[in-house]
Amino acid sequence: MHPSYEMLRPGKKFPHVWCPGCGHGIVQGAIIRAVQKLGWPRDEIVMVSGIGCSSRMPVYLDFNSLHTAHGRAIAFATGVKLHNPKLHVIVITGDGDALAIGGNHFIHAARRNADITVILLNNNIYGMTGGQYSPTTPIGKRASTAPYGTAERDFDPCALAKAAGAAFTARGVAYNAMEMEKLIETALTKKGFSVVEAISPCPTLYGRLNKEGNAVKMLQWQKANTINIKAAEKLPMDQVTGKIVTGIFHDVETIPYTEIYNRIIQKAQGK
Ligand SMILES: Cc1ncc(C[n+]2csc(CCOP(=O)(O)OP(=O)(O)O)c2C)c(N)n1
Ligand code: SF4
């Protein structure tokens, strides 16, 4: 039996809804391996998501799970962690879920330094609802709501999280599943608000609308256009522009929100 199998809910929730070639399954595999490496009991893990193709993940994984409302996963996750700080709380969210309808929760959880890990599956589009553009659709790229290309600039989720106060930010691509796994494993061990942006191709909508070819071609593009931050730092800017930079961008020791909050509770109780 494949080692990932014990983390799934076979029989109950399969077949899954993801299209052939969707990157979300690759990211799910990386999360499973990261959790297995850490050796955490499944009962101590809570996986929280909003709504979207990406947000279906907690339905398939056999952890404690909350499949909440669109954009609200981070708010639910913060509540879970405050209630029981011993739990490992992982948020699964999409670029639409985290940065459009859920954008306020994202920045304020970073500001508070909520002690949760956010895995943001960025496919640059709203997958579940038919390919509308999202806050990470690059300017000029097509979406069902932008047939001639978007006129809006896109967010860099890692830069946004850092600016808002996150303790840890990193980016990986589906093509490099081994690096993705390591980044997720590291993020999960960090105190405070940690974010891994997982670049996950959507061949069905983003790829088709932007004529990027099938799933294999999209992964080949990732392979050819990804550069690790350590290599990028040694290159002139013009050789990095247009590439996806991966790796750890920000990593600081912090006192997480949960600890500060609990100190206040103790103070109020006269302890
Ligand atoms: C309050 C609310 N507004 C809108 C929707 C419709 N809706 C469901 S998923 C989604 C976008 C999902 O995009 P993203 O988070 O990027 O995830 P993906 O499907 O691309 O993985 C939207 C707009 C909803 N379910 N609830
Ligand atoms: S529509 Fe896109 S994001 Fe959704 S399952 Fe299909 S390939 Fe994945």
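An account of the accompanying structure is given in this report. (Residues numbered from 1 in each chain as written. Chains lettered and ligands numbered in written order. Predicted model: local features only at pLDDT ≥ 70, side-chain atom pairs only at ≥ 80, totals over all residues. Heavy atoms only, no water.)

**What to know about the overall build of the protein chain**
And then number 1: Check the secondary structure of the protein chain and you find eleven helices and eight strands.
And then number 2: Taking 271 residues into account, the globule formula puts the C-alpha radius of gyration at 18 Å, and the protein chain, at 18 Å, falls close to it.
And then number 3: Going through the 271 residues of the protein chain one by one, you find that 49% of them count as buried.
And then number 4: Pairs at least 24 apart in sequence give 67% of the contacts found in the protein chain among residues at least 6 apart.
And then number 5: For the protein chain, the computed accessible surface area is about 13100 Å², with 56% contributed by carbon and sulfur atoms. (Helix = DSSP H or I, 4+ residues; strand = E, 2+ residues; numbered from the N terminus. Rg over C-alpha atoms; globule rule 2.2 N^0.38 Å. Buried < 20%, exposed > 50% of the residue type's maximum accessible area, 1.4 Å probe, protein only. Contact = heavy atoms within 4.5 Å. Areas by Shrake-Rupley, 256 points an atom, 1.4 Å probe, with all protein chains shown as cover.)

**Brief notes about the site of ligand 2**
And then number 1: Neighbouring residues of ligand 2: Trp18, Cys19, Cys22, His24, Cys53, Asn123, Gly127, Cys202, Pro203, Thr204 and Leu205.
And then number 2: The element contributing the most residues to the shell around ligand 2 is helix H8 (residues 203-209), with three residues.
And then number 3: Tallied by class, the residues present in the shell around ligand 2 amount to seven nonpolar, four polar and no charged. (Near = heavy atom within 4 Å. Nonpolar A, V, L, I, M, F, W, Y, C, P; charged D, E, K, R; others polar.)

**Regarding the packing of aromatic side chains**
And then number 1: For the structure on display, the rule yields four aromatic pairs.
And then number 2: Aromatic pair phenylalanine 106 and phenylalanine 193: ring centres 6.0 Å apart, planes at 75 degrees, arrangement edge-to-face. Placement of phenylalanine 106 in helix H5 (residues 103-112) and of phenylalanine 193 in the loop between helix H7 (177-189) and strand S6 (194-199) is noted, with a sequence separation of 87 residues between them.
And then number 3: Taking the centre distance of 5.7 Å and the plane angle of 55 degrees together, the rings of tyrosine 257 and tyrosine 261 count as tilted. With tyrosine 257 and tyrosine 261 both in helix H11 (residues 257-268) and four residues apart, the pair spans about one turn of that helix.
And then number 4: Residue tyrosine 257 is classed as partly exposed on the basis of its relative accessible area, which comes to 22%.
And then number 5: Residue classification places tyrosine 261 among the partly exposed residues on the basis of a relative accessible area of 36%.
And then number 6: Among the aromatic residues, those joined into a ring-pair cluster are Phe14, Trp18 and Tyr60. (Phe/Tyr/Trp six-rings, centres within 6.5 Å; stacked < 30°, edge-to-face > 60°.)

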